[in-house]
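# Structure assessment
Listed here are the chains, written in short residue letters.
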Amino acid sequence: MTDHAPVRTRFAPSPNGALHLGHAYAALRAHDLARDLGGEFLLRIEDIDGVRSRPELVEAIFADLRWLGLAWDGDVLFQSSRLAAYDEALEQLKAQGLVYPCFCTRSQIAAAGAQPGPDGLVYPGTCRSLSAAERERRMANEPHCWRLDMTRGVAETGPLVWHDLEAGDQPARPELFGDVVLARKDAPASYHLAVTLDDAHQQISHVVRGCDLFDATHVHRLLQALLGLPTPHYLHHGLLAGPDGRKLAKSEGAAALAVLREAGEDGPALVENLRKDRLPSGISRVHASYSLP
Ligand code: GLU
């Protein structure tokens with residue numbers, strides 16, 4: 001990303017639960033960075049998880065953001081409108097021999113002695129060495145996902161770096177994740193693939209998001225290099241935690257924005273308080289932590 005590119009940030013919620021105070025904080029950080037730098041703040045709805053995505057929550061997301069006074073620029077991008085682009089990228093990686101079909105179930109992966117990595121178990125590589133004939137045969141009648149051959153991917157790009165506005169330059173370490181899933185059995189693209197493609201498609205110059213996604217950026221940086229996409233700057237901010245000190249979860253109704261909105265609270269005043277770190281009782285801000293060693 002050159003420093004001359006127009007500044008564009010985004011808020012990219014998944015409509016699988018009601019937005020809460022943590023989302024308001026994430027949205028305001030992305031919104032304010034764009035406004036401070038004279039740029040645009042875009043909205044993307046990450047709605048391709050067929051199992052967890054709930055279309056009725058999309059209107060509530062719009063209502064929450066309007067209530068907060070966080071206006072977005074331009075049209076909303078729905079990931080569900082981008083399936084052809086995800087498919088095309090996957091085909092490109094297939095043609096490069098960088099992905100392979102995997103037929104393993106979760107329990108088979110656990111039973112194969114997979115070790116924990118930054119984002120769940122690191123795939124032990126069972127399906128990587130299947131012959132072309134066996135792949136063809138099993139693909140015809142077994143559900144499968146597509147995994148990135150991480151060793152090949154890393155060999156293809158060589159060392160990579162990305163930049164976090166707070167944490168500084170980061171040598172990319174995607175190999176710690178092993179062969180990540182790029183297209184799922186139950187969804188056309190994994191989070192990693194869809195988010196990388198969409199940030200490039202929306203010409204996002206600064207990806208502002210919670211530090212729980214810091215590690216995932218190592219994978220996104222590799223995908224950018226493999227797919228010939230630009231690399232934005234990143235800012236991974238601290239998260240809001242509840243009374244138990246754990247990050248707020250979508251299931252925690254008390255912090256749900258819709259509850260506060262319907263109770264007649266003042267949205268812009270709430271945003272101003274969050275901006276100034278004046279947090280509602282029981283809520284604290286956990287400073288950004290970057291978990292890879
Ligand atoms: N859709 C993701 C979420 O709701 C955020 C994706 C991102 O910001 O990269 O957690």
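Below is a summary of the structure that appears in this document. (Residues numbered from 1 in each chain as written. Predicted model: local features only at pLDDT ≥ 70, side-chain atom pairs only at ≥ 80, totals over all residues. Heavy atoms only, no water.)

Turning our attention to the pairing of strand E1 (residues 8–11). Of the two faces of E1, both are covered, the one formed by Arg 8 and Arg 10 as well as the one formed by Thr 9 and Phe 11. In the sheet, E1 pairs with strand E2 (residues 40–45) via 4 bridges, with the strands oriented parallel. In the sheet register, Arg 8 faces E2, and the bridge partner there is Glu 40. Read from E1 through helix H1 (residues 21–36) to E2, the crossover connection turns out right-handed. (Buried < 20%, exposed > 50% of the residue type's maximum accessible area, 1.4 Å probe, protein only. Helix = DSSP H or I, 4+ residues; strand = E, 2+ residues; numbered from the N terminus. Pairing = 2+ DSSP bridges. Right-handed = clockwise from strand over helix to strand, strands pointing away.)

Glancing now at the sheet that holds strand E3 (residues 77–78). One open sheet accounts for 3 strands, arranged E1-E2-E3; its pairing is parallel. The strands lining the two open edges of the sheet, one partner per strand, are E1 and E3. Against the sheet, H1 contacts E1 and E2, and its axis sits at roughly 165 degrees relative to E1. In this fold helix H2 (residues 56–68) packs onto E1, E2 and E3, with an angle of close to 155 degrees to the strand it touches most, E2. (Contact = heavy atoms within 4.5 Å. Axes fitted to C-alpha atoms, helices over the stretch in contact; angles between N-to-C directions.)

A word on unusual backbone geometry. The phi torsion at Gln 203 lies on the positive side, around 50 degrees, for a residue other than glycine. Secondary-structure assignment places Gln 203 in the loop between helix H7 (191–201) and strand E11 (206–210).

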